[in-house]
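Chains, contacts and geometry: an overview
Residues per chain are reported as follows:
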Amino acid sequence: MKAIRSILKIMFLPVMATLAVIRLFVEFLAGISAVIFRVIAGIFLLTALLSYGFGLESSGECLKIVLAGFLFYLLPCTVEIVIAGIILLEEWIRSFT
């Protein structure tokens, strides 16, 4: 049994190394994109509020702009879900071997 576990650990070593590199790269991209997308979401929100405040847009149009900004805000959250999936896969492989 120990021999099989040792063989499995050796077989999964490149997979674990690849997953670690992919996870770090995705975390790096997620950090950069989170800042960019959240700034864009803030610009959308401020534009909607100021447009409504100055009477340039109706409340329905402002709501559409706010929802578009919210979608920009949610994009980095979906990337974080992917990162959590990669970490879960790493832990599953680690517990399997």
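That block above? That's the structure.
Presented here is an overview of the structure given in this document. (Residues numbered from 1 in each chain as written. Predicted model: local features only at pLDDT ≥ 70, side-chain atom pairs only at ≥ 80, totals over all residues. Heavy atoms only, no water.)

Attention now goes to helix α1 (residues 2-53). At F12, α1 shows its largest bend, some 40°, and a proline, P14, comes one to four positions later. The complete set of buried residues in α1 reads M16, L19, V26, A30, S33, A34, A41, A48 and S51. Buried residues along α1 sit against α2 (59-96). Of the residues trailing α1, G55 is marked for its positive phi of about 75°. (Bend = angle between axes of the 7 residues up to and from the residue. Helix = DSSP H or I, 4+ residues; strand = E, 2+ residues; numbered from the N terminus. Buried < 20%, exposed > 50% of the residue type's maximum accessible area, 1.4 Å probe, protein only. Contact = heavy atoms within 4.5 Å.)

One can find I22 in helix α1. When the C-alpha atoms of I22 and L46 are compared, they prove to be 35 Å apart, with 24 residues separating the residues in sequence.

The subject of this paragraph is the environment of I93. The topology assignment puts I93 in helix α2. Its relative accessible area of 6% is what places I93 among the buried residues. If near-sequence neighbours (up to four positions away) are discounted, I93 is found in contact with F12, V15, M16 and L19.

The terminal C-alpha atoms of α2 lie 55 Å apart, and with 38 residues this matches the ideal 56 Å at 1.5 Å per residue to within 8%. Within α2, the full set of buried residues consists of C62, G69, P76, I83, I86, E90 and I93. Buried residues along α2 sit in contact with α1. (Expected span 1.5 Å × (residues − 1).)

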